[in-house]
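Here is what each chain is made of, one letter per residue.
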Number of protein chains: 2
Amino acid sequence: MSRAGLSPEVVTTVAADLADEVGFAQVTLSAIARRVGVRLPSLYSHVAGSEDLRVRVTLLALEELTTAGEQALAGRSGREALRAFADLHRTYAAQHPGRYEAAGSLRVPASPEAARLAERMGGLTDAVLDGYAVPPEERVHAVRVVGSLLRGFIQLEAGGAFEHSRPSGEESWHRALDALDALLGSWPG
Amino acid sequence: MSRAGLSPEVVTTVAADLADEVGFAQVTLSAIARRVGVRLPSLYSHVAGSEDLRVRVTLLALEELTTAGEQALAGRSGREALRAFADLHRTYAAQHPGRYEAAGSLRVPASPEAARLAERMGGLTDAVLDGYAVPPEERVHAVRVVGSLLRGFIQLEAGGAFEHSRPSGEESWHRALDALDALLGSWPG
DNA sequence: TACGTTGCCTAATACCCTTAGGCAAGTCGT
DNA sequence: ACGACTTGCCTAAGGGTATTAGGCAACGTA
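About the criteria used
Residues numbered from 1 in each chain as written. Chains lettered and ligands numbered in written order. Predicted model: local features only at pLDDT ≥ 70, side-chain atom pairs only at ≥ 80, totals over all residues. Heavy atoms only, no water. Near = heavy atom within 4 Å. Polar contact = N/O pair within 3.5 Å; in protein donor to acceptor, adjacent residues only side chain to side chain. Nonpolar A, V, L, I, M, F, W, Y, C, P; charged D, E, K, R; others polar. Phe/Tyr/Trp six-rings, centres within 6.5 Å; stacked < 30°, edge-to-face > 60°. Helix = DSSP H or I, 4+ residues; strand = E, 2+ residues; numbered from the N terminus. Buried < 20%, exposed > 50% of the residue type's maximum accessible area, 1.4 Å probe, protein only. Lys NZ or Arg CZ within 6 Å of the ring centre and 35° of its normal. Contact = heavy atoms within 4.5 Å. Buried area = accessible area lost by both parts, 1.4 Å probe. Salt bridge = Lys/Arg side-chain N within 4 Å of Asp/Glu carboxyl O. Least-squares fit on C-alpha atoms with pLDDT ≥ 70 in both. Axes fitted to C-alpha atoms, helices over the stretch in contact; angles between N-to-C directions. Left-handed = near helix turned anticlockwise from the far one by under 90°. Core = buried A, V, L, I, M, F, W, Y, C linked by side-chain atoms within 4.5 Å. Parallel < 35°, antiparallel > 145°, perpendicular 65-115°, else oblique.

Draft legend 1. Geometry of the protein's contact with DNA strand C. If you check the shell around DNA strand C, you find 21 residues, and the closest are Arg3(A), Arg39(A), Ser42(A), Arg3(B) and Tyr44(B). For DNA strand C, the fraction of protein-proximal atoms (within 4 Å) that sit in sugar or phosphate groups is 65%. Measuring from a phosphate oxygen of DNA strand C, one finds a backbone N or O atom of Ser30(B) at 3.1 Å. Classifying every residue of the surface near DNA strand C by side-chain character gives nine nonpolar, eight polar and four charged.

Draft legend 2. Representation of the packing of aromatic side chains in the model. One pass over the structure, following the stated rule, counts four aromatic pairs over all chains. Centroid distance Phe153(B) to Trp173(B): 5.1 Å. Interplanar angle 55°. Geometry classified as tilted. Of this pair, Phe153(B) sits in helix H7 (residues 139-158) while Trp173(B) sits in helix H8 (residues 169-185), and the two are 20 residues apart along the sequence. On the accessibility criterion, Phe153(B) (1% relative accessible area) is buried. Taken together through their ring pairs, the aromatic side chains of Phe153(A), Phe162(A) and Trp173(A) make up a single cluster. The ring of Phe24(B) has Arg54(B) sitting right over it, with the charged end atom 5.5 Å from the ring centre. The ring centre of Phe162(A) lies 4.4 Å from the NZ or CZ of Arg144(B), which sits over that ring.

Draft legend 3. The arrangement of the interface of chain A and chain B in detail. The interface is formed by 32 residues belonging to chain A together with 32 residues belonging to chain B. Contact between chain A and chain B buries roughly 2,700 Å² in total, counting both sides, with carbon and sulfur atoms accounting for 59%. Per-residue buried area on chain A facing chain B is highest for His141(A), Arg144(A) and Arg175(A); these three make up 24% of the total on that side. Taken together, the links from chain A to chain B amount to four salt bridges. For Glu163(A), the salt bridge goes to Arg107(B), with nearest N and O atoms at 3.7 Å.

Draft legend 4. Summary view of the relation of the copies chain A and chain B. If you rotate chain A by 180° and push it 0.1 Å along the axis, it lands on chain B with an RMSD of 0.1 Å. Look at the turn and shift together and you get a two-fold axis relating the two. When the interface residues of chain A are mapped onto chain B, 100% of them again fall at the interface, so both copies present the same face.

Draft legend 5. Main features of the packing of helix H4 (residues 78-95) of chain B against H8(B). Residue and element names in this part refer to chain B. Where H4 contacts H8, the two axes come as close as 10 Å, and the packing angle between them is 140°. Here H4 runs over H8; the crossing is right-handed. Every residue of H8 that contacts H4 at Arg79, Leu82, Arg83, Ala86, Asp87 and Arg90 is listed here: Gly169, Glu170, Trp173, His174, Leu177, Asp178, Leu180, Asp181 and Leu184. The residue makeup of the contact of H4 with H8, split by class, is six nonpolar, two polar and seven charged.

Draft legend 6. Expanded view of the protein's contact with DNA strand D. As a structural note, the neighbourhood of DNA strand D is formed by 21 residues, with Arg3(A), Arg3(B), Arg39(B), Ser42(B) and His46(B) the closest of them. Atoms of DNA strand D within 4 Å of the protein belong to the sugar or the phosphate in 69% of instances, the rest to bases. Within the contact set of DNA strand D, a base nitrogen lies 2.7 Å away from a side-chain nitrogen or oxygen of Arg3(A). Between DNA strand D and Arg39(B), the relevant distance is 2.7 Å, taken from a phosphate oxygen to a main-chain nitrogen or oxygen of the residue. The residue makeup of the surface near DNA strand D, split by class, is nine nonpolar, eight polar and four charged.

Draft legend 7. Representation of the nonpolar core within the structure. Residues Leu150(A), Leu184(A), Leu73(B), Leu150(B) and Leu184(B) are the most contacted members of the largest nonpolar core, which totals 79 residues. Apart from residues lying up to four places away in sequence, Leu73(B) is in contact with Ala81(B), Ala84(B), Phe85(B), Leu124(B), Ala127(B) and Val128(B).

Draft legend 8. Structural view of the environment of Ile154(B). Residues and elements named next belong to chain B. Tracing the chain through its elements places Ile154 in helix H7. Looking at Ile154, the relative accessible area reads 3%, which means it is buried. Sequence separation between Ile154 and Val134 is 20 residues; the distance between their C-alpha atoms is 25 Å.

Draft legend 9. Examining helix H5 (residues 97-104) of chain A more closely. Residue and element names in this part refer to chain A. For H5, the buried fraction is high: six of the eight residues fall into the buried class. Within H5 the residues assigned to the buried category are Gly98, Arg99, Tyr100, Ala102, Ala103 and Gly104. Where H5 is buried, its residues meet helix H1 (8-22), helix H3 (50-73), helix H4 (78-95) and helix H7 (139-158).

Draft legend 10. Examining the packing of H1(A) against H3(A) more closely. Residues and elements named next belong to chain A. Contact geometry for H1 and H3: axes closest at 9 Å, N-to-C directions at 80°. One way to sum up the angle between H1 and H3 is to call them roughly perpendicular. Two secondary-structure elements touch here, H1 through Pro8, Val11, Thr12, Thr13, Ala15 and Ala16 and H3 through Leu53, Arg56, Val57 and Leu60. Partitioned by chemical class, the residues of the contact of H1 with H3 number seven nonpolar, two polar and one charged.

Here is the structure:
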C-alpha cells in the first residue's frame, strides 16, 4: 500500500480548488478524500477537522490576495493604485469564487499567521491611500468605505444581482471606481 | 396524541429565530423539530426539505426588510430617505443577524412571490433616488453603488472587522452616509 | 538492519436529511 | 350525530458527513 503524499498544504489546496468548483459551503472532507484517493479518516493526519480546514482555506485565499496585491501595487499610487487594487480583487473573485468566498468569511481565529496577514493588508490599503490627501485621522474611515464598496459590489455581482438587468456590471464597476476616486480626492467632503 | 399546530409559516419563523441565534448556516431541521416539539420527519408535512426552508427564511427576511423600508421611507426623500433606508438595514442586520444573512444569500429561485418582492424593492430604491438629480440612465449605476456600499459595510461590521480597532464603526458609518449623499448629490461626477 | 515515527487503514459512533408507510386527530357531508 | 376523507404526526429504514480509537505497514534514521 503506497502513500498518497499528502500534507496540510496539499489538502488545503485541494479544498480551495474544490471550493472554486462547487462553492465554499459545499466543501466536504468526504469529497476531498475521494478526490485525493484516501479514506476520509486519513485526512485527520493533516488537518484537525472540518473547521480547521475552512480556516486554512481562508488563510490561503487571504495570503494569495495579499501577495497579488503587493505585486499589483508596486510602483503605483493614487487612482492607478486604487484601480489596480480593485480590479485585482474583482478578477480574483471571478476566477476563484470559492477562495474569495472563504476570504470573505472573516472570523479566523487569532494566530501569528493571521496577524502577519493583517499587517500586510494594512500596508496595502496604506499604499492605495498614500496617493490621496486624506487626513491621517480620516484614513481609517476612508479605508472602511473603500473596502465596503469593493466588497459589496463584488459580492452582489458574484451573487448574480446584475445578471438579468442592463447595463452590465462592467459599466457600473467603472462608475463605482470613479466615484471612489472622486471621493478620496476630496475627502472628507 | 395532540397536534402541534404547525404550518409552513410557523416553521419558517422558528427557523428565522434560530438563525438569528446561532447563524443561518447552523439552522437545521433537527434543531427546529426539537424546538417545536415534533419528530424530524414531521416537518416534511410543512416544508419540502432543508433547501426549501432556507429559501422560505430568505423570502421572509426580504419581505420584512421591504415592508419596514416602505414604512421608513414614507414621506421622506433625498438625504433623509437615504439615511432612513441605510439605518434600517444596518439596524435590522444588528437585531436579526441570521435573517439578514439569509437575505444576503441571494439566488432564490424565480417565483411570483420573489418577483413581487423585487418589484417592491425597486420601488424603494427609486424612492431614495427621487430626492437626487441623478440622470435617468445613470440611476442603475447609482442604485448599485449605494447597494454595494451599504451591503459591504454592514457585512464587514457584522463580521467583526471594526471590532478591534478605533474608532468605532459608528463614526465610519456616518462618513459613509455623508459620502453617499455627496456622491448622489453630484452624480455622475 | 533494527527502531521509532507516522501516514493510511478499518471499525464504530453520532449526527443530519430524506422517503415510505401507518395511525389517529381533525374536518366535512349527510 | 355519525361515517368517510383528509392530513398532521409518528416509527422505521437508508444514506451521507464528521469524528475518534486502534492497528498495520511504509518511511526516515541510527
